[in-house]
Amino acid sequence: MLSIRLDGRPKKVKGTAATITELLALLSLSPQEALVRVDGKIRPEAFPLGGKNKIEVIRVVFGG
Amino acid sequence: MKKKIKKNNLNLSCAKCSSPACVGSGPLARCEKHFLEDFDSHVRNAVREYHMIKPNEKVAVALSGGKDSTVMLHQLVQLSKRLPMRLIAILVDEGIADYRAPTIAVAKKECKKLRVPLHIVSFKSEFGLSLDSMLKKKGQAGACSFCGVFRRQLLQKAARRLKADKLALGHNLDDAAQTVLLNLYRNEPARLARFWPITESEDKKQHFVPRIRPLIRCSEKEVALWAALNSVPIHYGACPYAVEAMRQTVRAQLNQMEDRYPGTKVRIFNAFVKMRKGLVKAVEAGFSSSLSVCPQCGEISSGGFCGACRMLEKLKSGKK
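## Notes on a nonpolar patch on the surface
Residues and elements named next belong to chain B. A cluster of nonpolar residues, L184, Y185 and M246, forms a patch on the protein surface that exposes about 280 Å² of accessible area. Examined against the element boundaries, Y185 turns out to sit in helix α8 (residues 173-185). Judged by its relative accessible area of 45%, Y185 falls in the partly exposed class.

## What to know about the nonpolar core
Residue and element names in this part refer to chain B. If you look at the biggest cluster of nonpolar residues, it comprises 66 residues, and the most contacted ones within it are F39, I53 and L76. When residues no more than four places from it in sequence are discounted, the contact partners of L76 are I53, V59, V61, M85, L87, A168 and P214. I96, Y99, A143 and A164 belong to the second-largest nonpolar core, a separate cluster that totals 36 residues.

## Quick notes on the interface of chain A and chain B
Contacts between the two partners involve 22 residues from chain A, matched on the other side by 27 residues from chain B. For the pair chain A and chain B, the summed buried area comes to about 2,000 Å², and 60% of that belongs to carbon and sulfur atoms. Linking chain A with chain B are two salt bridges, by the criterion used here. Between A:E45 and B:K221 there is a salt bridge whose closest N-O contact spans 3.1 Å. Viewed at the interface, chain B and chain A are joined by seven residue pairs in polar contact (both at pLDDT 80 or more). Within the residue set of the side of chain A that touches chain B, elements represented by two or more residues are β3 (34-38), β4 (41-42) and β5 (55-59) of chain A. Grouping the amino acids of the side of chain A that touches chain B by side-chain chemistry returns twelve nonpolar, four polar and six charged.

## Overview of the sheet that holds strand β5 (residues 198-199) of chain B
Residues and elements named next belong to chain B. Here we have six strands laid out as an open sheet, ordered β3-β2-β1-β4-β6-β5, and mixed in their pairing. If you trace the sheet from one side to the other, it starts and ends with β3 (118-122) and β5, each paired once. Sheet contacts for helix α3 (residues 67-79): β1 (57-62), β2 (85-93) and β4 (166-168); angle to β1, the most-contacted strand, approximately 160°. Lying on the sheet, helix α7 (residues 143-161) is in contact with β1, β2, β3, β4 and β6 (211-212); it crosses β2 at an angle near 140°.

## Thoughts on the environment of A:Q32
Counting through the fold element by element, A:Q32 comes out in the loop between α1 (20-26) and β3. Residue A:Q32 is classed as buried on the basis of its relative accessible area of 14%. Linking A:Q32 and A:V61, residues 29 residues apart in sequence, is a C-alpha distance of 8.2 Å. Those residues in contact with A:Q32 that lie beyond four places of it in its chain are A:V60, A:V61, B:K221, B:N255, B:E258, B:D259 and B:K265. In this structure the side chain of A:Q32 is engaged in a polar contact, spanning 2.9 Å, whose partner is the side chain of B:D259.

## Points about helix α2 (residues 32-49) of chain B
All names here are of chain B. Taking 1.5 Å of rise per residue, 18 residues should cover 26 Å, and α2 covers 25 Å from first to last C-alpha, within 8% of that figure. Those residues of α2 not exposed but buried are H34, F35, D38, F39, D40, S41, V43, A46 and V47. On its buried face, α2 sits against α3 and α10 (220-229). Within two residues after α2, H51 carries a phi angle of roughly 50°, on the positive side.

## Focus: the state of the cysteines
Under the criterion given, the structure shown has zero disulfides over all chains. With no disulfide of its own, B:C218 has B:C22 as its nearest cysteine by sulfur position, at a separation of 14 Å.

## Comments concerning the packing of helix α11 (residues 245-260) of chain B against helix α12 (residues 264-286) of chain B
All names here are of chain B. Where α11 contacts α12, the two axes come as close as 8 Å, and the packing angle between them is 115°. Viewed along their axes, α11 and α12 adopt a mutual orientation that is roughly perpendicular. Facing L254, N255, M257 and E258 of α11, the residues of α12 in contact are T264, K265 and I268. In the contact of α11 with α12, the residues fall into three nonpolar, two polar and two charged.

## A word on the sheet that holds strand β1 (residues 2-6) of chain A
In space, the five strands of this open sheet follow the order β2-β1-β5-β3-β4 (chain A), with mixed pairing throughout. Single-partner strands in this sheet number two, and they are β2 (9-13) and β4 of chain A. Looking at chain direction, β3(A) and β4(A) are connected through two bridges and run antiparallel. Of the residues in β4(A), the one forming a bridge with A:V38 is A:K41. Sitting on the sheet, α10(B) is in contact with β3 and β4 of chain A, with an inclination near 35° to β3(A).

## With respect to the domain arrangement of chain B
Residue and element names in this part refer to chain B. Under the domain assignment, chain B is made up of domain 1 (1-30) and domain 2 (32-317). Its C-alpha centre places domain 1 at a distance of 35 Å from the equivalent point of domain 2. Contacts between the two partners involve seven residues from domain 1 and, on the opposite side, seven residues from domain 2. Taking both sides of the interface into account, the surface hidden between domain 1 and domain 2 amounts to around 600 Å²; carbon and sulfur atoms contribute 71%. Note that K16 and D38 form a salt bridge whose closest N and O atoms lie 2.8 Å from each other. At the junction of domain 1 and domain 2, the tally comes to two residue pairs in polar contact (both at pLDDT 80 or more).

Parameters at a glance
Residues numbered from 1 in each chain as written. Chains lettered and ligands numbered in written order. Predicted model: local features only at pLDDT ≥ 70, side-chain atom pairs only at ≥ 80, totals over all residues. Heavy atoms only, no water. Patch = residues over 30% accessible without salt bridge, like charges linked within 9 Å, V, L, I, M, F, W, Y side chains within 5 Å. Areas by Shrake-Rupley, 256 points an atom, 1.4 Å probe, with all protein chains shown as cover. Salt bridge = Lys/Arg side-chain N within 4 Å of Asp/Glu carboxyl O. Helix = DSSP H or I, 4+ residues; strand = E, 2+ residues; numbered from the N terminus. Buried < 20%, exposed > 50% of the residue type's maximum accessible area, 1.4 Å probe, protein only. Core = buried A, V, L, I, M, F, W, Y, C linked by side-chain atoms within 4.5 Å. Contact = heavy atoms within 4.5 Å. Buried area = accessible area lost by both parts, 1.4 Å probe. Polar contact = N/O pair within 3.5 Å; in protein donor to acceptor, adjacent residues only side chain to side chain. Nonpolar A, V, L, I, M, F, W, Y, C, P; charged D, E, K, R; others polar. Pairing = 2+ DSSP bridges. Axes fitted to C-alpha atoms, helices over the stretch in contact; angles between N-to-C directions. Expected span 1.5 Å × (residues − 1). Disulfide = S-S within 2.5 Å. Parallel < 35°, antiparallel > 145°, perpendicular 65-115°, else oblique. Domains from an automatic or database assignment.

The following block contains the structure:
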């Protein structure tokens, strides 16, 4: 179980993710649709994730 | 093993300077500094390549307070230091309860910070009904296209009233690639032929304020990243009526393709740029692709009565 923030709100994600790409897949998000901050810095999709990282996912694609 | 680690590190380092990357991979990986430099040059090059803005022109920025238009406002303010222009912003309040108010707040704050005069116009004052009221009468199916007709007309009217030379829209590369595919899927060659980074009317008497798209070379994700790196306060919320099924499907398809084959969106747009001249000729040989004037209100129309007049007539008659 991963603890992250999604659009500013805390969220528990079932499963494990070794990279940002894998985390986004667990959330059913395309890497084109989200920015991910790891410990306060925006990182690319290939960035490896560890258990102690503070992870924040921001969805950026909305209609309207 | 050593080789594998090196390869992985390359994916995480800027291809230009080897600093930690914030976006992309391999040759497209960029650190914050180089991403921001690239982004600025994409906007500058698009403005120059398509002759979007002439020196000292008055440019009206169509500002919603969402990420695209807010980033565009920042970019044009930055660009105005190299290319002198007079900037104003126009915000259309469609009248969508619980959605528009936060974006208006962002727009007001950003305009104040950037010292750009903001003009707010509304559906209610111009057409007598808010979008919420219109959709109560009409039903919510096709709400995006419906709203878009009134919003485009209102932006055009306001830009003309404010004597703007250009009307800048926050359309990005994703919007452009989606538009190309949508018009192919719908068999709308004339509509596709009208699409271009700068849209002008062929009839100069119509006082049509040309629409420009300075972000046309920047992807939606890049726009959001620029906003995040520059601490631009963005309201990331979805419009409650934004359920235009086909565009959402095309958006998802394109994002899947971009994930598997990076550069897909750029290639679609570049292919369109190459074939557009031939497309315009082909369309003109068959039927008109240019804009004309609505005989009822005098606004821009693609032929006969404009979309807004047709829709208002339906609303008045109670037809759905």
